[in-house]
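Here are the chains, one letter per residue:
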Amino acid sequence: MKKRRPLFWQLYFNYLFLTVIVLGTMTTLTYFGLQRFHLEQTKKKLLSYASISESQLKNKFLRREKNFLQDHASLLGQSTHTRMTYLSATGDVLADSKRSPSEMDSHKNRPEWQSALKTGYGEAVRFSKTLGQTLIYVAVRVSGPGKIYGVIRAAQPLESIRATSMNIFIQLGIASLVVLILVSTFSIILSRKFSNPLRDLRLRVFNLTHGDLSSRMDLENISGPKELFHLARSFNNMADELEARIDRMNQFEQMRKDFVANVSHELRTPLTSIGGFIETLQEGEVSEEEQKKFYQIISRQTHRLTAIVNDLLMLSKIEKKQEDKSITFTQTPLAPVLNSAIEVLKPKAKKSEIEIQLHCDESIQLLMEPQLLEQAIVNLVDNAIKYSESHSQIKVTVTSQENSIRIDVSDEGVGIPEEHLPRIFERFYRVDKARSRKVGGTGLGLSIVKHIAILHKGTASIRSKINEGTTITLVLPKARLKNQ
Ligand code: ADP
């Protein structure tokens, strides 16, 4: 695998490398530039010394006043830290500020002398045998009308230029070093700024994958660029979503467990009862009258079991439709569906002399699955009968609202204490277990109603007052957008 370095080091070394390259190039270019500049300056200076002497000494050259020339060379040489040499047109040394001319050989072969003689100007950078060091030479011709008198040469050691340049070079080097230290510190800070949030993010991803769902980035104090901030925010969103999903899954799992426990519990009671009575009957020592009573109990419990199983099947059927989205809604007139539900329960109502009224405009239509909606109304009216005294009234009232149809099923029955209302639509939730059992309730009726309402993208709600009555309201949307 490719070897990967941490972001911090990558950024840090890149910054540093770039800085070293920039500073190095700058220093070197400056050094050579300065050296050239100094050389040019020195040549100009030497030329001016030579030119001044040339205009002053023309006659002295003509007359070969060697002593004068020697004094002049010495004086000028000393005051300008320059080696002045006056040469004849034949290359002999007439005067020199550093050495005695008598000790010096002919300068015929010196390139600056040759060039000056020919063109009026000559220059050279070369090693001086006389002084044993490298010098910069500038030479000018001394001439009168139609005649050359000689050559004046001014020279300075190259070493002095090198020394000045070196001096500047060292200063530049020190400045570069300071800049390098500054850049290095700065790039450590900058690299940290980039790499710290990334390291932090990695740690939090690690925590998240190891089960710490509360792991989040601190968006307020995040350093680095915008992209990093976005990345951190995306991470937080992802963590939120993950946490919510896991919460939902846990909740779902808990609900499933509770449901299985509830179902088992609900089934066990009638089954135990049935088992007990059958055993007693098998033992045989039961009077005929008791036998009849026991068979009745067994029959009732069997009905109860059947009712529970039927309701459970109904619930799972609705849930399956919900999950598969396999439901087929049709635009159906509402009144016949409600009528049919009421017809089912008329005999039961009649027994308690309870009157059922239906108020529904015949023209009202609804997008629905008629069988399911009928089942919901059956459950509601059935409850109304179950929890009402005889000689009371039940009303099924339909109101057309702007975007929805509202169905109220109200009775004048026992009512429900307020504290039970929030949980009344839960599976197996009953206010009075004994009464529910007595009237053949399963505790699933309202839960089925709620699921049917949700399947129709509607809601189910309840209002109730003890001893005054209960109203359950379904609100179902008239039209729905496609795919809803
Ligand atoms: P059950 O089969 O026990 O009636 P439901 O889910 O239909 O179960 O109703 C849950 C509980 O709500 C009932 O046990 C009952 O206590 C209460 N309840 C439902 N409808 C009415 C009503 N119309 N009047 C009074 N109480 C009701």
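Going by the structure above, here's the rest.
To start, this report covers the structure provided alongside it. (Residues numbered from 1 in each chain as written. Predicted model: local features only at pLDDT ≥ 70, side-chain atom pairs only at ≥ 80, totals over all residues.)

**Topic: the overall build of the protein**
A count of helices and strands for the protein gives 10 helices and 12 strands. Its C-alpha atoms give the protein a radius of gyration of 57 Å, more than 25% over the compact-globule value 23 Å for 484 residues. A total of 484 residues make up the protein; the buried ones form 24% of that total. Counting only contacts in the protein whose residues sit at least 6 apart along the sequence, the fraction spanning at least 24 positions is 64%. (Helix = DSSP H or I, 4+ residues; strand = E, 2+ residues; numbered from the N terminus. Rg over C-alpha atoms; globule rule 2.2 N^0.38 Å. Buried ≥ 20, exposed ≤ 12 C-beta atoms within 10 Å, placed from the backbone. Contact = placed C-beta atoms within 7 Å.)

**Some words on the environment of Ala 341**
Counting through the fold element by element, Ala 341 comes out in helix 7 (residues 334-351). Residues Ala 341 and Ala 376, 35 residues apart in the sequence, show an inter-C-alpha distance of 8.7 Å.

**A word on helix 7**
For helix 7, spanning 18 residues, the distance from its first C-alpha to its last is 27 Å, which sits close to the expected 26 Å at 1.5 Å a residue. Leu 345 marks the point of greatest bend in helix 7, at about 45°, and the proline Pro 347 comes within the next four residues. Looking only at helix 7, the buried set comprises Leu 334, Val 337, Leu 338, Ala 341 and Ala 349. Count one or two residues on from helix 7 and you reach Glu 353, which has phi positive near 50°. (Expected span 1.5 Å × (residues − 1). Bend = angle between axes of the 7 residues up to and from the residue.)

**Examining the sheet that holds strand 2 (residues 93-96)**
Pairing between the strands of a sheet comes from backbone hydrogen bonds, and it takes one of two forms, parallel or antiparallel. Taken in spatial order, the 5 strands line up as 2-1-5-4-3 in an open sheet, and their pairing is antiparallel. Looking at which strands have only one partner, the edges of the open sheet turn out to be strand 2 and strand 3 (121-128). The mean inter-strand angle of the sheet, taken between neighbouring strand axes irrespective of direction, is 20°. Running at roughly 40° to strand 4 (residues 133-144), helix 1 (residues 7-62) makes contact with strand 1 (83-88), strand 3, strand 4 and strand 5 (147-157) of the sheet. Contacts from helix 2 (residues 66-80) reach strand 1 and strand 2 within the one sheet, and its direction differs from that of strand 2 by about 35°. (Pairing = 2+ DSSP bridges. Axes fitted to C-alpha atoms, helices over the stretch in contact; angles between N-to-C directions.)

**Concerning the sheet that holds strand 7 (residues 355-359)**
Judged by pairing direction, the sheet is mixed, and its 5 strands sit side by side in the order 7-9-10-12-11 without closing on themselves. Each edge of the open sheet is held by one strand with a lone partner, namely strand 7 and strand 11 (459-465). Pairs of neighbouring strands in the sheet enclose a mean axial angle of 15°, with direction left out of account. The sheet contact formed by strand 9 (residues 393-400) and strand 10 (residues 404-411) spans 7 bridges and is antiparallel. Of the residues in strand 10, the one forming a bridge with Thr 397 is Asp 408. Along the sheet, helix 10 (residues 445-455) makes contact with strand 11 and strand 12 (469-477), crossing strand 11 at roughly 140°.

**Here we look at the pairing of strand 9**
Summarising the sheet, strand 7 and strand 9 pair through 5 bridges and their orientation is parallel. Bridged to His 359 within strand 9 is Thr 397. Linkage of strand 9 to strand 10, two consecutive antiparallel strands, is achieved through a turn of 3 residues.

**Brief notes about the packing of helix 1 against helix 4 (residues 158-209)**
Where helix 1 meets helix 4, the closest approach of the two axes is 8 Å, and the angle between their N-to-C directions is 165°. Classified by the angle their axes make, helix 1 and helix 4 are roughly antiparallel. Crossing hand, helix 1 versus helix 4: right-handed. Here the contact of helix 1 with helix 4 is built from residues that sort into 22 nonpolar, 14 polar and 1 charged. (Parallel < 35°, antiparallel > 145°, perpendicular 65-115°, else oblique. Left-handed = near helix turned anticlockwise from the far one by under 90°. Nonpolar A, V, L, I, M, F, W, Y, C, P; charged D, E, K, R; others polar.)

**Brief notes about the site of the ligand**
Within the structure, the ligand sits among 23 residues, and Tyr 387, Arg 430, Val 431, Gly 441 and Gly 445 are positioned closest to it. For the shell around the ligand, the secondary-structure elements that each account for two or more residues are helix 8 (370-386) and helix 10. (Near = placed C-beta within 6 Å.)

In short, shape yes, function no, at least from these values alone.
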